[in-house]
Amino acid sequence: MTHVKAEHNVKLSQNVEGIAPSGIRRFFDLASSMDNIISLGVGEPDYTTPWNVREASIHSLERGLTSYTANAGLMELREEISRYMEERFQTKYDPADEIIVTVGASEGLDIALRAVVDPGDEVLVVEPCFVSYAPLVSLTGGIPVPVPTSMEDNFQVSVEAIRERLTPDTKAIMLSFPNNPTGAVMGKAELEEIAALVQEHDLVVFSDEIYAELSYDEEHVSTAALEGMWDRTILISGFSKSFAMTGWRVGYVCAPAPYAKAMLKIHQYAMMCASTMAQYAALEAMKNGRQEMEEMIVSYRQRRNYFVESLREAGLECHSPGGAFYAFPSIRATGMTSEEFAEKLLIEQRVAVVPGHVFGAGGEGHVRCSYAASMSQLEEAVDRIAAFVKNVRK
Amino acid sequence: MTDKERELLLLIEKEGRMASDKLAKMLELPINEVRDMLADLEERKVILGYSAIIDWTKAVGTEMVTAMIDVKVTPQRGRGFDEVAERIYRFKEVKACYLMSGTYDLSVMIEGRTMSEIANFVSEKLSTLESVISTTTHFRLKQYKHDGIIFVDDDEDDHRMVVSP
Ligand SMILES: Cc1ncc(COP(=O)(O)O)c(C=O)c1O
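The structure presented is a predicted model; accordingly, all values stated were derived computationally and were not measured.

**Some thoughts on helix α13 (residues 375-393) of chain A**
- Along its 19 residues, α13 of chain A runs 27 Å from first to last C-alpha, staying within 8% of the 27 Å computed at 1.5 Å per residue.
- Those residues of α13 of chain A that fall on the buried side of the exposure criterion are Met 375, Leu 378, Ala 381, Val 382, Arg 384, Ile 385, Phe 388 and Val 389 of chain A.
- On its buried side, α13 of chain A packs onto β1 (38-39), α11 (290-313), α12 (338-349), β10 (351-352) and β12 (367-370) of chain A together with α2 (20-27) of chain B.

**A word on the pattern of salt bridges**
All names here are of chain A.
- Within this structure, the stated rule accounts for 31 salt bridges over all chains.
- Of the charged contacts in the structure, one is a salt bridge between Lys 171 and Asp 121, with a shortest N-O distance of 2.9 Å. With Lys 171 in strand β5 (residues 170-175) and Asp 121 in the loop between α5 (104-116) and β3 (122-127), this pair connects stretches of sequence that are 50 residues apart.
- The exposure class assigned to Asp 121 is buried, which follows from its relative accessible area of 15%.
- Taking the shortest distance from any N to any O, the salt bridge between Arg 290 and Glu 213 comes out at 3.0 Å. On the criterion of sequence distance, the pair formed by Arg 290 in helix α11 and Glu 213 in the loop between β6 (204-208) and β7 (233-238) is long-range, its members being 77 residues apart.
- According to the relative accessible area criterion, Glu 213 is buried, its value standing at 4%.
- Salt bridges linked by common partners bring Arg 88, Glu 213, Glu 219, Arg 290 and Glu 294 together as one network.

**Details of the domain arrangement of chain B**
- Domain assignment breaks chain B into domain 1 (3-43) and domain 2 (56-146).
- Just the C-alpha atoms count here: the centres of domain 1 of chain B and domain 2 of chain B sit 34 Å apart.

**Points about the site of the ligand**
- Near the ligand you find 15 residues, and of these Ala 105, Ser 106, Asp 208, Ser 240 and Lys 241 of chain A are the closest.
- In this structure, the ligand is bordered by residues of chains A and B.
- Ala 105 of chain A has a polar backbone atom sitting 2.6 Å from an oxygen atom of the ligand.
- A distance of 3.0 Å separates an oxygen atom of the ligand from a polar side-chain atom of Tyr 211 of chain A.
- Look at the ligand: alone it shows 400 Å² of surface, and the protein chains cover 95% of it.
- Looking at the shell around the ligand element by element, the count peaks at three residues for α5 of chain A.
- The class makeup of the residues in the shell around the ligand is six nonpolar, six polar and three charged.

Analysis parameters
Residues numbered from 1 in each chain as written. Chains lettered and ligands numbered in written order. Predicted model: local features only at pLDDT ≥ 70, side-chain atom pairs only at ≥ 80, totals over all residues. Heavy atoms only, no water. Helix = DSSP H or I, 4+ residues; strand = E, 2+ residues; numbered from the N terminus. Expected span 1.5 Å × (residues − 1). Buried < 20%, exposed > 50% of the residue type's maximum accessible area, 1.4 Å probe, protein only. Contact = heavy atoms within 4.5 Å. Salt bridge = Lys/Arg side-chain N within 4 Å of Asp/Glu carboxyl O. Domains from an automatic or database assignment. Near = heavy atom within 4 Å. Polar contact = N/O pair within 3.5 Å; in protein donor to acceptor, adjacent residues only side chain to side chain. Areas by Shrake-Rupley, 256 points an atom, 1.4 Å probe, with all protein chains shown as cover. Nonpolar A, V, L, I, M, F, W, Y, C, P; charged D, E, K, R; others polar.

Right under this line is the structure:
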């Protein structure tokens, strides 16, 4: 058999070509090529999904529950999510038409942005942040506008920083607290200031609250629960972090019916529905997962306390991360860029961290360290970081 | 019991003895407060000891035989089951002893080097006690989980990618 080699010029969408590959990739490749490293570069829990959740999913397979579900997800699961959002965060969503079960918060972010943003619209993105926001905005044809935060403000976003970047084209703002990579949280009073501005300028809010449960010092406040915010907020969340379910790919979005309806249009054509067995797992997590989740939360908090304090002792300035499982120390005192710091630390001490600039504006000068690692790994990592810092400061 | 004491106990129940400076950081307490708390809990016998969890089947040549014995006894006037329980749990072979509800009274766990060592203990020491009515001995064949720890080789590798968003 012969293949006739057809002439073909690869024809890619300019939109896609315009997106830079994630800066994390380079570090992944470098770290993967090395042995004996301690990785603080992992953006997911160090727990396995609780057994009752895994078992429920196995049971669903045994019962032969392998067909599609409703586009928006299992009704029973949406009802549980609805009850949970009300009990936990005092914000009410109708399971019939205001909740969609998605393929992770990742898909939730995508359909939320696509449902709202038109080409040319500007979306304010509070940074440093999860790496997908700006590229997903770009894919809609919208323009991501970074709003930087800094350690001096505990990585909380200020009204002034937002106000400076408002234009007639500003349509929406992306918030994410507790934050990946900074661990920053925003309390009620601080969020209310932002809420007032958002209402004054009639913006839509995308609020990625996937780390809501992982808030260690104060109760998480949902943006949607603030006075006047429910109508304009699309809340994105999921099971990955709080229930240690990253690989299941299941999350959800909650929004007023007109927004949910628009998102469902995209979801039904692009996804049909989230994986059925993952939905049964999520249902069990919602119904009976609380206790084990709380045990994980206590342990994250203890490890955070230990790790942040130890980083400070090692000579790195570090704000107090109130949530998620990341510390975001400043490495400026070493005189290096975050890229140099992360690369040298990896090569010389075999500790993987992620350079802060990959998370956007305000990230340079910091590195993200995930403390979702065992205590013995954290202890060893801290010793190595301390030795490294001491060495470069000599 | 304060919240911090409870948190401390839950932590060391799982981790065993830990350095006070590490505990101080994890619990956000001054180090001398942690030391005092530990000393107090030890003195009040809330903390009775610190030990390791060992899978003796893997320590070749030192494997022990374990039996669970259901013991029926006649309770004594005024002292109930406590006196006979004490006579039993003071034997050093007895690793655990519980008063149970149900069809028998005391559950006694015995450890010995061989089965006959245990058989001897039951026939000579245990069943000869005046208040003991009967004993039923069950030998342990395999340990799957003990004190919350899974003993069979579990896949505990970290499957996560080394760096992820
Ligand atoms: C802030 C944030 N949002 C969303 C996600 C994606 O979560 P999921 O696994 O639900 O897609 C992550 C994962 O790292 C995250 O950190």
